[in-house]
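# Residue-level structural notes
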Amino acid sequence: AAWYFAPDGHVYQNLRHGFSSEDLAAHAGRKGKARGGNGTLEVTWATGKKTSAKLSRDGTGFGWDAGLFTPVEAYGNAAEVVGAYEGGESLAGASERAAVAKRMELRADGTFTWNGVSFLTTASRATEISAGSTAGSQGRWELSGFSLILTGDNGTVFRGIVFPYDDAKTPAKPDRMFFGGLMYKKR
């Protein structure tokens, strides 16, 4: 998830599109105001509910409320994001499952292909629901700060937060890309 701890003390959880003032104003997810002291961080959410937990520093990042937070930087230039990636997620609980897998290729000529597969199943005593889909798109891509903008050949525009994430133990630099809420591994 992409969180933003703004210099003015505001906190935004699960940002989707970017960090501009327009993106922050339009954010429909959780947001609040943070304040720290005595080794704790407290966030008062827009709903009035407060979350307070111990803050533990770890290098340049920190741990808070059962989460680990790592600072990120934007890609230096568009050439750094060029490549083929795979990513996905799988969620499960009781009798419910959801899986998403995606493949993306960002080419140096500014074109992309993006393919995905998803699956959902849930069951209760009265109902059973199962669904699946495959889809793909292609078009042009553009990098703008922390945003990757995909414009499909059909005119559909998808813009999501993007940043490199690296594991220093691997030869690829960077070896992962966060985009639109998913972590992708460079192939």
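Refer to the structure above for everything that follows.
In short, a report on the structure. (Residues numbered from 1 in each chain as written. Predicted model: local features only at pLDDT ≥ 70, side-chain atom pairs only at ≥ 80, totals over all residues. Heavy atoms only, no water.)

## Quick word on the nonpolar core
Membership of the largest hydrophobic core comes to 16 residues, with the highest contact counts inside it found for Met-104, Leu-106, Leu-150, Met-177 and Phe-179. Listing elements by their share of this core, those giving two or more residues are strand E9 (96-106), strand E10 (111-123), strand E11 (128-144), strand E12 (147-152), strand E14 (176-179) and strand E15 (182-186). When near neighbours in sequence (up to four residues on either side) are disregarded, Leu-106 contacts Val-81, Val-82, Gly-83, Tyr-85, Thr-111, Phe-112, Trp-141, Leu-148, Leu-150 and Met-177. (Core = buried A, V, L, I, M, F, W, Y, C linked by side-chain atoms within 4.5 Å. Buried < 20%, exposed > 50% of the residue type's maximum accessible area, 1.4 Å probe, protein only. Helix = DSSP H or I, 4+ residues; strand = E, 2+ residues; numbered from the N terminus. Contact = heavy atoms within 4.5 Å.)

## Digging into the pairing of E12
In terms of residue burial, E12 counts as a mostly covered element, since 5 of its 6 residues are buried. Alignment of E12 against strand E13 (residues 157-165), held across 5 bridges, turns out to be antiparallel. Across the sheet, the residue bridging to Leu-148 is Gly-160, located in E13. The loop that links E12 with its antiparallel partner E13 comprises 4 residues; one of these, Gly-155, has a positive phi angle of about 95°. (Pairing = 2+ DSSP bridges.)

## Some remarks on the packing of aromatic side chains
According to the stated counting rule, one finds 15 aromatic pairs in the structure shown. For the ring pair Trp-114 and Phe-179, a centre distance of 5.8 Å and an interplane angle of 55° mean the geometry is tilted. Of the two residues, Trp-114 sits in strand E10 while Phe-179 sits in strand E14, which places them 65 residues apart along the sequence. For the residue pair Trp-114 and Phe-179, the accessibility class agrees, reading buried in each case. Put simply, the rings of Trp-3, Phe-5, Trp-45, Phe-62, Trp-64 and Phe-69 touch in pairs and so form one group of aromatic residues. Over the ring of Trp-45 we find Arg-30, and its NZ or CZ is 3.8 Å from the ring centre. (Phe/Tyr/Trp six-rings, centres within 6.5 Å; stacked < 30°, edge-to-face > 60°. Lys NZ or Arg CZ within 6 Å of the ring centre and 35° of its normal.)

## Digging into the sheet that holds strand E2 (residues 10-12)
Here we have 7 strands laid out as an open sheet, ordered E1-E2-E3-E4-E5-E6-E7, and antiparallel in their pairing. The sheet terminates laterally at strand E1 (4-5) and strand E7 (67-69), the two strands that pair on one side only. For strand E4 (residues 40-45) and strand E5 (residues 50-58), the ladder comprises 5 bridges, and the chain directions are antiparallel. The partner of Leu-41 across the bridge, within E5, is Ala-53.

## Some remarks on the side chain of Asp-23
Its place among the elements puts Asp-23 in helix H1 (residues 21-26). We classify Asp-23 as buried; its relative accessible area is 12%. Engagement of the side chain of Asp-23 in a polar contact is seen with the side chain of Arg-159, the distance being 2.8 Å. Not counting the four nearest positions on each side in its chain, Asp-23 is found in contact with His-17, Gly-18 and Arg-159. (Polar contact = N/O pair within 3.5 Å; in protein donor to acceptor, adjacent residues only side chain to side chain.)

What is shown is where atoms sit, not what they do.
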